[in-house]
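Spelled out, the chains give:
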Amino acid sequence: MTRLIATFFYIGYLRPFSGTWGSAAAVIAAFGLNFLGGWLLVALLIPIAILAGWWATAVETRDKPDHDPSEIVIDEVAGQWIALLPVLIGAAHAGHAGWDALALWPGWVTAFVAFRVFDILKPGPIGWADRQHGPMGVMLDDILAGIAAALTVGLAAYLSHGILGA
């Protein structure tokens, strides 16, 4: 069970770039969850993903030299969902439910790319969190990358609204 959670249904075993595969799977899952229950369902599942990810990571890395193996991607899932929240909330406020949420595709792309950039480059506090050993360090850098990406999405939406007058 912990391996299923930690690898997000074994997506983490895809190579190369398992973190990117995990993020892509998270985007697809978020779309499906949004379709089923809206942004609120995704928002409610984020803390569950974080807690389940912390637990599964703790079990999967116990007594192993690598505290953050590449196949563990539940951290990317939680972070990517955080990054997507502004898009999902924006879609709901714009009346884009279900398939119509794809009308905000630039936001989806921005959330994905921004999250991957912050997760890979690990600037500032994201890098500090990544250097923390243990399951919370594994989860925390992606949580912070997700927050940074969500802020980037919000800023991009604000700027495009002002520039385009939409």
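Right, let's walk through the structure included here.

Quick notes on the rules
- Residues numbered from 1 in each chain as written.
- Predicted model: local features only at pLDDT ≥ 70, side-chain atom pairs only at ≥ 80, totals over all residues.
- Heavy atoms only, no water.
- Helix = DSSP H or I, 4+ residues; strand = E, 2+ residues; numbered from the N terminus.
- Buried < 20%, exposed > 50% of the residue type's maximum accessible area, 1.4 Å probe, protein only.
- Lys, Arg positive; Asp, Glu negative; His and termini not counted.
- Salt bridge = Lys/Arg side-chain N within 4 Å of Asp/Glu carboxyl O.
- Phe/Tyr/Trp six-rings, centres within 6.5 Å; stacked < 30°, edge-to-face > 60°.
- Axes fitted to C-alpha atoms, helices over the stretch in contact; angles between N-to-C directions.
- Parallel < 35°, antiparallel > 145°, perpendicular 65-115°, else oblique.
- Left-handed = near helix turned anticlockwise from the far one by under 90°.
- Contact = heavy atoms within 4.5 Å.
- Nonpolar A, V, L, I, M, F, W, Y, C, P; charged D, E, K, R; others polar.
- Expected span 1.5 Å × (residues − 1).

The step from Arg 15 to Pro 16 runs through a cis peptide bond, and the omega angle for that step is -10 degrees. We note that Asp 63 has phi near 60 degrees; this positive angle belongs to a residue other than glycine. Its location among the elements puts Asp 63 in the loop between helix H2 (18–61) and helix H3 (74–93). Although it is not a glycine, Lys 122 adopts a positive phi angle of roughly 50 degrees. You can see Lys 122 is positioned in the loop between helix H4 (105–121) and helix H5 (125–130).

On to the side chain of Glu 76, then. Its place among the elements puts Glu 76 in helix H3. Notably, Glu 76 is buried but unbridged: the nearest opposite-charge side chain belongs to Arg 116, and the N-O separation is 4.2 Å.

Turning our attention to the packing of aromatic side chains. What the rule picks out here adds up to five aromatic pairs. With a centroid separation of 5.2 Å and an interplanar angle of 70 degrees, the aromatic rings of Phe 8 and Phe 9 are classed as edge-to-face. With a relative accessible area of 55%, Phe 9 lands in the exposed category. A ring pair is formed by Tyr 10 and Tyr 13, whose centres lie 6.2 Å apart and whose planes are at 25 degrees; its orientation type is stacked.

Time to look at the packing of H2 against H4. Where H2 contacts H4, the two axes come as close as 11 Å, and the packing angle between them is 150 degrees. With respect to H4, the axis of H2 lies roughly antiparallel. For the crossing formed where H2 meets H4, the hand is right-handed. Counted together, Gly 19, Thr 20, Ser 23, Ala 24, Val 27 and Phe 31 of H2 and Trp 108, Phe 112, Phe 115 and Arg 116 of H4 form the full contact between these two elements. The residue makeup of the contact of H2 with H4, split by class, is six nonpolar, three polar and one charged.

Another point: the pattern of salt bridges. A complete count under the given rule lists six salt bridges for this structure. Asp 119 is the salt-bridge partner of Arg 116, the closest N and O atoms lying 2.7 Å from each other. One end of the pair, Arg 116, and the other, Asp 119, are both in helix H4, three residues apart, so they sit about a helical turn from each other. The exposure classification of Arg 116 matches that of Asp 119, with both residues buried. As a salt-bridge pair, Lys 122 and Asp 119 come within 3.1 Å of each other at their nearest N and O atoms. Since its relative accessible area comes to 23%, Lys 122 is described here as partly exposed.

The terminal C-alpha atoms of H4 lie 24 Å apart, and with 17 residues this matches the ideal 24 Å at 1.5 Å per residue to within 8%. Within the sequence span of H4, burial applies to Gly 107, Trp 108, Ala 111, Ala 114, Phe 115, Arg 116 and Asp 119. Among the residues trailing H4, Lys 122 stands out with phi positive, at a value near 50 degrees.

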